[in-house]
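# Inside the fold
These are the residues of each chain, in order.
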Amino acid sequence: MAILLLIYSFREKMPMAAQKDAVFDPTRFLFETDEEKPVMGFLVTHHKTGTMMFQEMFQRLCPLFKLDFQQVRGPTRWDRLADASNERYFRFANSTQRMVTVMQGFDEHCSVDPNSKCDRFDAGCWMRGCSLIKMGKNPDEFQPTVHVVRNPVEILISAYLYHNNSGQWMVENGHEAWLGEPKPDALTVLDSSISSKYKNMPFYKALQGLDDKDALKVEFNVLASGMYRAARLYQSLQEKPYVLQMHFEDFKADYAGSMQKVFAHLKMDTMFGMEKLMEVANLFDPKAVVSGVRSRLTDSHVTEGKYDKEPLRKAMFDDPTLNAVMLTLGTSQGYEKPFPYSK
């Protein structure tokens, strides 16, 4: 116990600004207890909607402000958070509440299984197939929730570039081993004369061998379930007073203003002070990220500013199948024009 108190005391005295010199390790501040603290709020993301940025930000914020941090890889139910022993639950000394980030949205009830009943590109079937589970009265249900979505066109492009260009590094360093395995089912959206050439290759190598249009269709085949879930959830959460829905593009256009909205909605500003919260949050501003703050794993997910995305947008826009599904997904999440141009 003496060692634990020494570590905690050091944590209390360490200036926030000094912690930007290295990737933050929350395990330094872990407190040995099985107690689960009440949930103060949820931050819900989906694949390629800033998930890694928010995970690392809140891992850094929570011990500084005496909050436990739970990372739910989801999907999960609001009123039945996954057992903490099966999730990344960081318990910190003197904490009184818990902040939860959810990586894949909330659970749904499906009248039909869209994975088996719906063609991947039949957006209408996927959008009708499931709805958010109605939960009983539970304190967690009404905790402030921030839900972040992103233009589906940009999600697909970012995921494709990430898997294509970082796949080898991810596999060699023990992350996302599936990228190094063949995924013949993902190739079924292509003509057999094309898919047969790549069905036995590691997935990232198959993407590298395909032309952009075909590779984007394969990528969508892999991501479709999560992308449709994000769109359905966005519609289900509309006009709920305890939910703040945000577009990832908001953070790119006005990072400071958007983060202040997040903290205000979670009521963290009144508890800890907006200035202190933003001192940490500003370390993760995508336009001015501090060297060494973002982990190599997180950096591998970032595609903004690294690649020319315009040819990929054009390839999707010119393909009738991809164009139609992106339009449905985009407009259902508040994007009037998912593509930056029109026919």
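I will try to describe carefully the structure that is included in this document. (Residues numbered from 1 in each chain as written. Predicted model: local features only at pLDDT ≥ 70, side-chain atom pairs only at ≥ 80, totals over all residues. Heavy atoms only, no water.)

### What about the sheet that holds strand β3 (residues 88-90)?
The test is simple: Should DSSP find at least two bridges between two strands, the strands are taken to pair. Runs of E in the DSSP output that reach at least two residues are strands. Runs of H or I that reach at least four are helices, and both are numbered from the N terminus. Axis definition: a line fitted to C-alpha atoms, limited for helices to the stretch in contact. Angles are taken between N-to-C directions and run from 0 to 180 degrees. Only heavy atoms matter for contacts: two residues are in contact if any of them lie within 4.5 Å across the pair.
Here we have 6 strands laid out as an open sheet, ordered β3-β2-β4-β1-β7-β8, and mixed in their pairing. One side of each edge strand has no neighbouring strand; the edge strands of this open sheet are β3 and β8 (243-247). Along the sheet, successive strands turn relative to each other by an average axial angle of 15 degrees, direction set aside. Along the sheet, helix α2 (residues 51-64) makes contact with β1 (39-44), β2 (67-72), β3, β4 (97-102) and β7 (145-149), crossing β2 at roughly 160 degrees. Along the sheet face, helix α8 (residues 212-236) touches β1, β7 and β8 and points at about 135 degrees away from the line of β7.

### Notes on helix α10 (residues 255-265)
So the rule is basically this: Each residue gets one of three labels from its accessible area relative to the maximum for its type: buried under 20%, exposed over 50%, partly exposed in between, using a 1.4 Å probe on protein chains only.
For α10, the complete set of buried residues consists of Y255, G257, S258, M259, V262, F263 and H265. Just downstream of α10 lies K267, where phi reads positive at about 65 degrees.

### Points about the environment of N164
Tracing the backbone shows N164 in helix α5 (residues 152-172). Sequence-wise, N164 and F203 are 39 residues apart; in three dimensions their C-alpha atoms are separated by 8.7 Å. Ignoring sequence-local partners within four residues, the contact set of N164 consists of L207 and Q208.

### What to know about the nonpolar core
Applicable threshold: For this analysis, a nonpolar core means a set of buried residues of the types Ala, Val, Leu, Ile, Met, Phe, Trp, Tyr and Cys, connected via side-chain atoms within 4.5 Å.
Formed by 42 residues in total, the largest nonpolar core has its most connected members in F220, Y228, M316 and M326. Contributions of two or more residues to this core are made by α4 (123-129), α5, α7 (203-209), α8, α14 (310-318) and α15 (320-331). Those residues in contact with M326 that lie beyond four places of it in its chain are P152, V153, L156, F220, M227, M316, P338 and F339. Counting residues in each nonpolar core, the second largest holds 33 residues, with L67, M99, V262 and V280 among its members.

### What to know about the state of the cysteines
Condition: Two cysteine sulfurs form a disulfide in these notes if their separation is within 2.5 Å.
Counted according to the given criterion, the structure contains 2 disulfides. A sulfur-sulfur separation of 1.9 Å characterises the disulfide bridge that pairs C118 with C125. A torsion of -65 degrees about the S-S bond marks the disulfide between C118 and C125 as left-handed. The pair formed by C118 and C125 is uniform in burial state, with each residue classed as buried. By sequence-ordered numbering of the bonded cysteines, the chain has its disulfides arranged as 1-4, 2-3.

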